Amino acid sequence: MAGNLEEVKPIDSTSESDMSTAPLKPEILVETAKKMMGREFQHVLGALLNMLPGYEEMLEVKTDGSCNVSNGGVQRQDSKPKGEIKRQSSRGSVKGDKVLIRRKSSGKIRDKSKCNVENVVRPFIVKDEDYKKLMGVMLEQFENGLGKDTNSTAKVKMFPTYVRDVPDGSEEGDILALDLGGTNFRVLLISLNGQEVKMESKIYVIPQQIMLGSGTQLFDHIAECIYKFMKDHKLMDKKLPLGFTFSFPCKQIGLDKAILAQWTKGFKCEGVEGEDVVRLLHEAIQRRGDIDVECLAVINDTVGALMSCAHEDRNCAIGLILGTGTNACYIEKTENVGLWDGDNDEPHQVMINTEWGALGDDGCLDFIKTEYDRQVDKHSINPGRQVYEKMISGMYMGEIVRLVLEKLRKNNLIFQGQESEELKSRGRFYTKYVSEIESDEEDNFTNTKQIFKELGFEKVSDEDCRIAQHVCSLVSTRAAYLASAGIAVLLNKMGRPEVTVGVDGSLYRFHPHFHDLMVEKITHLVNPGIKFKLMLSNDGSGKGAAIVTAVANRMRGQKDESSIRQEVEN
Amino acid sequence: MLDNEVKALHKPMVGEMSGISVEASSSMVMPNIPKGGLLLRVCYAGACCAEGQIRRKDCRPRLPGEEIAGVVQDVCGTLPNSNFSTGDHVILYPDEDISDSGYHEYIAVPEVENCLQVPHSIPMEIAAMLPGCGLCAYSAILKAVPHVQKLQEVKACVNVLIVGAGGVGLWASRLANFLIGNNNNLKLFVADNSIDKLLTAQEHGCYDIIHWNEEDHEQYIVERTMDACRGGVDVVIDFVSSPRTVHRTLKVLNREGLILVGGSAMSEVSINLNVLAAKQQSIVGIPKGTVRQLQELVDLLVEKKVEPPMFSVHPVEEASQVFEDLAQSRITGRAILSFNQTAMLDNN
């Protein structure tokens, strides 16, 4: 594409008034190219245009999105000659230049403003070499987490999960599952029978005061929900095994023992960090005294995604969560796991919960951090932590977009002087707006306009909508590419020729382009010869927990059998 | 109360708390008794405000609003003595002219048909809820009843979803339980953005609560609703009726389903009418309750057939703060403003 542009004659200022006769005008070429490619590629076009001298005018056309060539002609006639504009953009926005433009082009602030929208959002366009550099950094951090001596100081903990293998289809039985990972808490009853899986579930809300109260209150609430569920489903007289999907960073010391390393995603119950959550659950159940359940396995939601996907596709070796938070797990050879203290029987592999959200906590991501990331971090409930996660996941994406839009608004680049309390409120720009805005099709801004109406803006022009869409797509694209870099590192590390990645999470499920962006980027970054597939993992937290528990139940049954046999023999 | 005492007690009501300005034209003078009417001294007024609506600068909470309970101060001589006398407890059927008139201690009521006697067995703060949210909920449920009964003849289980767990939603829950009965073939669900309001709703007789977290993606909310309401929803009573709630309910509504819409969202909603017709669904506005329905409601309370929902009473001087709290969902249940009272009463 760059080759094509080089062949085109640069804009000749004398021919501006006579657009129709000039051959293959750059702006027409840009418009055509834009129509041929998806929105996600348009910012790439923008980046390219930035690098080519003399094409700042086309940059304006691009963000303007319109084919109003005559308008552009009028503006350019009154504005400074091309040379000075070039100087301005290559130095960034310098005060002297700005003033000059304003004097010359009365009311043509649009010229300057288009360049400035780009300046505001440019930090989100990360160069390819930086993604490659990121991959190197990530690999190093992963190795640190796995290494015996380096683990204690590593930020990315690479916790072993004690889950050794994907399901083989023989898992069966009726299993209870718990899923705690966000503002809702689910109890599920799962029936496994070969490929057939039947599920019944109920969601119980967790009031804010319990999320921030004591650990005892939290687990009492959980036990009460289990009781209600068992009563409603007439399970009171059955003794069912239970699997617990606990989606917070944990150090596992056994399949049924997990010590919470730290709370994330808005939780802050005291008395839980550093404790074994399964023990706390059992204690709460005993306090009630009216239910008889035993938790046989505690897993992370990434493991759930992997196991659930692997139930249908045995090639699955990576579990990825892209939702409120972000995390990944993968299958690693036990010989590479420095802190492995389990047995060395077959299979010589174990699933590692990377907890990659914590990447960057030591500053290794500062080279791609933007001022907006820093602001989001400063005002978060855990400043300085979960840096990588804050650049990707749903809990923060909306806030990043909000900060950019507010900056544009304050600089009069969007919304024409209107202001809104909502847009000024931290956390009010929900991440779902990003998906909804990007779902609007070409020039039909229904979703976008409704959202800004909900945010208190009475008059929103098509131009405003385009800019908002542009901002959203840059932020979400960066998120997708950052996650892709992580997956590429894992794929390269495992070296398996064919891998399926089981993905779950609202960001992946509901964003219109996330999947495609990731496929494109991983393909670009992964070593040649590795084939991969991204697959939506349905209900990993329920199904995945059930599968792991079924296996644990079977293994426990086998162990009991063999110990009884031993006694008999003796 | 003597006139000069009234003047002394009165406090001006312009409150500018975080941009909320409460209507403040106050009347120091007792109005004349209208011909054929009566003079009412306001004792309690319900505080009515939708979540998130306060922020709009053009939308001010209305005082005394639509829910007025008070004491008859004086009666025009031409009225027969048996109807009203000084000291009677009455409620006012809501009237556009009065609800926006500002803080008045005394209201001149020209049409006594709009005045309903309230027996002293019902506390006035409870009676204050009836003309507004009580009546709206009652009217909505009455409108839904024939449809529900028709479906109950052919379906094993009819699912009814109430959107909005504020005062009117809680009334609707209690009234639905009484009128349609929460037996095995009817399940009542309540959805709201606020978990606290939902937990309150749980104690008002619904089968289940559904958290419609505004931060969640629409599709996720729809999936969660379908998950909770097994078999889809047959009747929706939407006291919010914003574009988002209407689209969500349309996605979970069964064939031949009915959506009753009310609320003060004031936004346009786009729906595909062909789809509506194809699925034989209907959207009906919640009718304005009649005076007779209001009287029926009073009778239901007197006969203790329906318990009023949770409420809290606040002195009218704190109106600005109350409206702010309502906008932030910090108050669950109905908020009632008391005039010239010093005691704060709750029933929770």
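Residues numbered from 1 in each chain as written. Chains lettered and ligands numbered in written order. Predicted model: local features only at pLDDT ≥ 70, side-chain atom pairs only at ≥ 80, totals over all residues. Heavy atoms only, no water.

1. Brief notes about the overall build of chain A
Per the secondary structure count, chain A includes 23 helices and 13 strands. Accessible area for chain A stands at about 24,200 Å²; split by element, carbon and sulfur atoms hold 49% of it. (Helix = DSSP H or I, 4+ residues; strand = E, 2+ residues; numbered from the N terminus. Areas by Shrake-Rupley, 256 points an atom, 1.4 Å probe, with all protein chains shown as cover.)

2. Focus: the overall build of chain B
Within chain B one finds 11 helices and 15 strands. The buried share of chain B, reckoned over its 348 residues, is 55%. For chain B, the proportion of contacts with a sequence separation of at least 24, taken over those separated by at least 6, is 74%. Carbon and sulfur atoms provide 50% of the accessible area of chain B, an area that totals close to 15,100 Å². (Buried < 20%, exposed > 50% of the residue type's maximum accessible area, 1.4 Å probe, protein only. Contact = heavy atoms within 4.5 Å.)

3. A closer look at the side chain of B:Glu218
Within the secondary structure, B:Glu218 sits in helix H7 (residues 218–228). A relative accessible area of 18% places B:Glu218 in the buried class. In contact with B:Glu218, other than residues within four places in its own chain, are A:Lys432, A:Glu436, B:Arg244 and B:Arg248.

4. Side note on the sheet that holds strand E2 (residues 172–180) of chain A
Residues and elements named next belong to chain A. The sheet built from 5 strands is open, its strands ordered E4-E3-E2-E5-E8 with mixed pairing. The open sheet has two edge strands, strand E4 (196–205) and strand E8 (294–299), and neither has a second partner. With strand direction ignored, the average angle separating the axes of adjacent strands in the sheet is 25°. In terms of strand pairing, E2 meets strand E3 (residues 184–193) through 9 bridges, oriented antiparallel. (Pairing = 2+ DSSP bridges. Axes fitted to C-alpha atoms, helices over the stretch in contact; angles between N-to-C directions.)

5. So, the UniProt feature "domain: Hexokinase C-terminal" (unreviewed entry) in chain A
Under the feature "domain: Hexokinase C-terminal" (unreviewed entry), the UniProt entry names residues 318–551 of chain A. Secondary structure across residues 318–551 of chain A divides into 49% helix and 13% strand, with the first and last C-alpha atoms of the span separated by 19 Å. (UniProt positions renumbered as here; feature names shortened; annotations may be inferred.)

6. With respect to the pattern of salt bridges
If you walk through the whole model with that rule in mind, you get 38 salt bridges over all chains. Between A:Asp462 and A:Lys449 there is a salt bridge, and its shortest N-O distance comes to 2.8 Å. With A:Asp462 in helix H20 (residues 462–494) and A:Lys449 in helix H19 (residues 446–454), this pair connects stretches of sequence that are 13 residues apart. According to the relative accessible area criterion, A:Lys449 is partly exposed, its value standing at 34%. Here the salt bridges share partners, and the residues they tie into one network are A:Lys432, A:Glu436, A:Glu454, B:Glu214, B:Glu218, B:Arg244 and B:Arg248. (Salt bridge = Lys/Arg side-chain N within 4 Å of Asp/Glu carboxyl O.)

7. With respect to the confidence of the model for chain B
Residue and element names in this part refer to chain B. Averaged over all residues, the pLDDT of chain B equals 81, while 81% of them reach at least 70. Strand E11 (residues 233–238) holds the highest mean pLDDT among the elements of chain B, 96, whereas strand E1 (residues 16–17) holds the lowest, 37. Long-range and interchain partners of residues 1–27, a stretch whose pLDDT sits below 50, account for 55 contacts in this model, where long-range means more than four residues apart. (pLDDT = per-residue confidence, 0-100.)

8. A look at the nonpolar core
Core analysis: the largest hydrophobic core is formed by 119 residues, its most contacted members being A:Leu322, A:Leu405, A:Leu408, A:Phe429, A:Phe452 and A:Met518. Contacts of A:Met518, omitting those with residues within four sequence positions, involve A:Leu320, A:Leu322, A:Ala480, A:Ala483, A:Ser484, A:Ile487 and A:Leu534. Core analysis: the next-biggest nonpolar cluster, separate from the first, contains 60 residues, B:Ile141, B:Ile162, B:Leu198 and B:Ile237 among them. (Core = buried A, V, L, I, M, F, W, Y, C linked by side-chain atoms within 4.5 Å.)

9. Thoughts on the domain arrangement of chain B
Accessible area lost upon the coming together of the parts is a frequently used measure of interface size. Residue and element names in this part refer to chain B. Split by domain assignment, chain B resolves into domain 1 (3–129 + 310–346) and domain 2 (133–285). On the side of domain 2, 14 residues touch domain 1, which itself brings 12 residues to the contact. Both faces combined, the contact of domain 1 with domain 2 buries some 990 Å², and carbon together with sulfur accounts for 53% of it. Counting every contact that joins domain 1 to domain 2 gives 0 salt bridges. Applying the counting criterion to the domain 1 and domain 2 interface returns 4 residue pairs in polar contact (both at pLDDT 80 or more). Of the residues in the side of domain 1 that touches domain 2, the class split is 5 nonpolar, 4 polar and 3 charged. (Domains from an automatic or database assignment. Buried area = accessible area lost by both parts, 1.4 Å probe. Polar contact = N/O pair within 3.5 Å; in protein donor to acceptor, adjacent residues only side chain to side chain. Nonpolar A, V, L, I, M, F, W, Y, C, P; charged D, E, K, R; others polar.)

10. Concerning a nonpolar patch on the surface
Residues and elements named next belong to chain B. A surface patch of nonpolar side chains, about 230 Å² in accessible area, is lined by Ile271, Leu273 and Ile283. Structurally, the position occupied by Ile271 is in the loop between strand E12 (253–261) and helix H9 (273–278). By relative accessible area, which is 31% here, Ile271 ends up partly exposed. (Patch = residues over 30% accessible without salt bridge, like charges linked within 9 Å, V, L, I, M, F, W, Y side chains within 5 Å.)

11. Considerations on the pairing of strand E6 (residues 250–254) of chain A
Regular strands have side chains that alternate between both faces of the sheet. Residue and element names in this part refer to chain A. Bridge analysis of E6 against strand E7 (residues 257–260) gives 4 bridges, and the strand direction is antiparallel. Within E7, the residue paired with Gly254 across the bridge is Lys257. Where E6 folds back on E7, the antiparallel hairpin that results is connected by 2 residues.

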